[in-house]
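Spelled out from the first residue to the last, the chains are:
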Amino acid sequence: MGEDRCAMSKSVPKGNQQMINKTAIISGITGQDGAYLAQLLLNHDYTVIGLYREKFPINTFGLSYLEIKDRITLLPFDLLDKEAIVDLFNMYQPSEFYNLAAQSSVYQSFKSPIATFEFNTISVFNLLETIKVVDPNIRFYQASSSEMFGRVNDLPITEDSILHPLSPYAISKAAAHFTCIHYRESYHMHVSCGILFNHESYLRQSNFFVKKIISESIRISKRKQDTLWVGNIDIKRDFGFAPNYVQAMFLMMQQQNASDYLICSGQSTTLRAIIYYIFSKLGIPETACQVSNELYRPSEIEDMFGDNTKAKLELNWQYNLTIFETLDLLLEEELKNDI
């Protein structure tokens, strides 16, 4: 339990001297995973190059919060521009590339399915084609998603479970996932996919479920808001703690052989139970939670949780937090920073 709680702090144990002088590029560095991964790599003596979407305003909140912004080279970048990727790799000669960039909102993917599919797939093809030509020894990490599994008949989910995606986002992630497998098997490239289930932190964007629940519940507790409006809260999900999950990403890149790994807590909880737990911690009556049909998705996964045995055995990844222990950590940090 102690090891898991240490991951919340603003320091990560330093790596050994063999890690010195490596360069890693992280796309999507402004998200919660990008910030925590950058922190981890810096503390293993990597030079870190961070890419953010060109023509979009950069949000450096997470990097500033972790006090690492000034230690990273930040570049506006378009992953749909293959020639620019070639120039990038020739200039920085990375040993590892962590592809965290994506249109990652399931809700938004229903509104913009073509744009979601284009970016989430073509960007991966561009990166892998460039690595194949410029330097096949570059190790590549792809952020796959548990959403790919969709409608599942057997739980827990494993790395071999059948994919049945239920959203444009999930379809795009499945296509990118199989693209990575193709390049690994056909060209013997070191390409690993981390199939991450829901994972949360203080750095999570406000449109994601747990962050929304905690931040709005605090507002209700301070009488700044009366009601928490939600969609279908009787579905079940597997939630974990983001700082621990990025450790698994790093461990994948250190393996002799690339593979795919489920990164999850191994348990599922209803969204309703999460809301009521936060309400109880803050002294809010359950009647403050109201359901809106407008917040329902066109299709929904009823229950989902994974089996993290492979990651624990092959990566020696340690994870023991329950969802409610994770919620305690998140609520504590949110209250500490709430002004």
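Note: the structure precedes this text.
Residue indices follow the written sequence of each chain, beginning from 1 at its first position. In keeping with the predicted nature of the model, local features appear solely for residues at pLDDT of at least 70, side-chain atom pairs appear and are counted solely at 80 or more, and the whole-chain, interface and lining totals rest on all residues. Calculation of side-chain values draws on the structure's entire complement of heavy atoms; hydrogens and water are dropped beforehand.

Chemist: Can you walk me through the pairing of strand β11 (residues 260-263) in this structure?
Modeler: Along any regular strand the residues' side chains alternate between the sheet's two faces. Categorising residues by exposure relies on relative accessible area from a 1.4 Å probe, with only protein chains included: less than 20% of the type maximum marks a residue as buried, more than 50% marks it as exposed, and the intermediate range marks it as partly exposed. Note on conventions: DSSP H or I runs of at least 4 residues are helices, E runs of at least 2 residues are strands, and numbering of each starts at the N terminus. Judged by which residues are buried, β11 turns out to be covered on both faces: Asp260 and Leu262 on one side and Tyr261 and Ile263 on the other are all buried. Strands are labelled as partners when DSSP assigns at least two bridges between them. Pairing analysis gives four bridges linking strand β6 (residues 191-196) to β11, with the strands arranged parallel. Note on β11: the bridge partner recorded for leucine 196 is isoleucine 263.

Chemist: Before we go on, may I ask you to explain helix α2 (residues 32-42) in this structure?
Modeler: Think of an α-helix as turning once every 3.6 residues; residues three or four places apart then point the same way. Most of α2 is tucked away: eleven of the eleven residues are buried. Gln32, Asp33, Gly34, Ala35, Tyr36, Leu37, Ala38, Gln39, Leu40, Leu41 and Leu42 are the residues of α2 that are buried.

Chemist: Explanation requested: the packing of aromatic side chains in the structure shown.
Modeler: How two aromatic rings sit relative to each other is given by the distance of their centres and the angle of their planes. Side-chain rings of Phe, Tyr and Trp, where Trp is taken by its six-membered ring, are said to pair if the distance between their centres is within 6.5 Å; with planes under 30 degrees apart they count as stacked, over 60 as edge-to-face, and otherwise as tilted. Enumeration over the complete set of coordinates arrives at 13 aromatic pairs. On the numbers, 5.9 Å between centres and 10° between planes, the contact of phenylalanine 97 with phenylalanine 140 is stacked. Residue phenylalanine 97 is found in strand β4 (residues 96-99), and its partner phenylalanine 140 is found in strand β5 (residues 139-145); the two are separated by 43 residues along the sequence. For phenylalanine 97, a relative accessible area of 0% translates into the label buried. Accessibility expressed as a relative area gives 0% for phenylalanine 140, which makes it buried. With a centroid separation of 6.3 Å and an interplanar angle of 75°, the aromatic rings of phenylalanine 125 and tyrosine 183 are classed as edge-to-face. Taken as a pair, phenylalanine 125 in helix α6 (residues 113-134) and tyrosine 183 in helix α7 (residues 168-187) lie far apart in primary sequence, 58 residues in all. Taking relative accessible area as the criterion, tyrosine 183 reaches 4% and is therefore assigned buried.

Chemist: Just checking my understanding: could you explain the side chain of serine 27 for this structure?
Modeler: Among the structural elements, serine 27 can be located in strand β1 (residues 23-27). Of the polar contacts made by the side chain of serine 27, one reaches the backbone nitrogen of alanine 101; its length is 3.4 Å. Dropping the residues within four chain positions of it, serine 27 is found in contact with Leu51, Leu79, Phe97, Tyr98, Asn99, Leu100 and Ala101. Definition of a polar contact: a pair of N or O atoms within 3.5 Å, with one able to donate and the other able to accept a hydrogen when the atoms are protein atoms, and with sequence-neighbouring residues admitted only if both atoms are side-chain atoms. Any pair of residues with heavy atoms lying within 4.5 Å of one another is described as a contacting pair.

Chemist: Even after reading the chapter, I still don't get a nonpolar patch on the surface, so can you show me in this structure?
Modeler: Patch members must show over 30% relative accessible area and no salt bridge, and they are joined within 9 Å when carrying like charges or within 5 Å when they are nonpolar side chains of Val, Leu, Ile, Met, Phe, Trp or Tyr. Shrake-Rupley sampling with a 1.4 Å probe provides the accessible areas, and residues are treated as covered by the protein chains on show and by no other component. The salt bridge criterion pairs a side-chain nitrogen of Lys or Arg with a carboxyl oxygen of Asp or Glu, the two atoms within 4 Å. A contiguous nonpolar patch, built from Leu80, Ile122 and Phe125 and spanning about 220 Å² of accessible area, is present on the exposed surface. One can find leucine 80 in the loop between β3 (73-77) and α4 (82-92). We classify leucine 80 as partly exposed; its relative accessible area is 33%.

Chemist: Where do I start with unusual backbone geometry in this structure?
Modeler: Most peptide bonds are trans, and most residues other than glycine sit at a negative phi. Looking along the chain, the bond that leaves leucine 155 and enters proline 156 is cis, with omega of 0°. Along the chain, the position of proline 156 falls in the loop between β5 and α7. Unusually for a residue other than glycine, lysine 55 sits at a positive phi of about 70°. For lysine 55, a relative accessible area of 80% translates into the label exposed. You will see that glutamate 67, though not glycine, has its phi angle at about 60°, which is positive. By the secondary structure assignment, glutamate 67 is in the loop between α3 (61-65) and β3. What makes glutamate 67 exposed here is its relative accessible area of 61%.

Chemist: Explanation requested: the nonpolar core in the structure shown.
Modeler: Nonpolar side chains tend to gather and get buried jointly when the protein is soluble and globular. The nonpolar core is taken to be a set of buried Ala, Val, Leu, Ile, Met, Phe, Trp, Tyr and Cys residues, with the residues joined through side-chain atoms within 4.5 Å. With 63 residues, the main nonpolar core has Ile26, Leu41, Val48, Tyr98, Tyr141 and Ile263 as its most contacted residues. Excluding residues within four positions of it along the chain, valine 48 makes contact with Ala24, Ile26, Ile29, Ala38, Leu41, Leu42, Ile72 and Thr73. Ala101, Phe119, Val124 and Ile138 belong to the second-largest nonpolar core, a separate cluster that totals 24 residues.

Chemist: So what exactly am I meant to see when it comes to α7 here?
Modeler: Here α7 is 20 residues long and its end C-alpha atoms lie 28 Å apart, about the 28 Å a rise of 1.5 Å per residue gives. In the stretch just after α7, histidine 188 is the one whose phi turns positive, near 55°. Expected helix span is computed as 1.5 Å times (number of residues minus one).

Chemist: Would you explain the sheet that holds β1 in this entry?
Modeler: In a beta sheet, neighbouring strands pair by backbone hydrogen bonds and run either parallel or antiparallel. An order of β3-β2-β1-β4-β5-β6-β11 is seen for the seven strands of this open sheet, with the pairing classed as parallel. The open sheet has two free edges, formed respectively by β3 and β11, since each of these has just one partner strand. Taking the axes of each pair of neighbouring strands and ignoring which way they run, one obtains an average angle of 20° across the sheet. Taken together, the four bridges between β1 and β4 define a ladder with parallel strand orientation. Its bridge partner lying in β4, isoleucine 25 is registered against phenylalanine 97. Angles shown run from 0 to 180 degrees and are taken between the N-to-C directions of axes, each axis being a line fitted to C-alpha atoms and, for helices, limited to the stretch in contact. Against the sheet, α2 touches β1, β2 (47-53), β4 and β6, its axis set at about 175° to β1. Most of the contacts of helix α9 (residues 242-253) go to β6, to which it runs at about 160°, and overall it touches β4, β5, β6 and β11.

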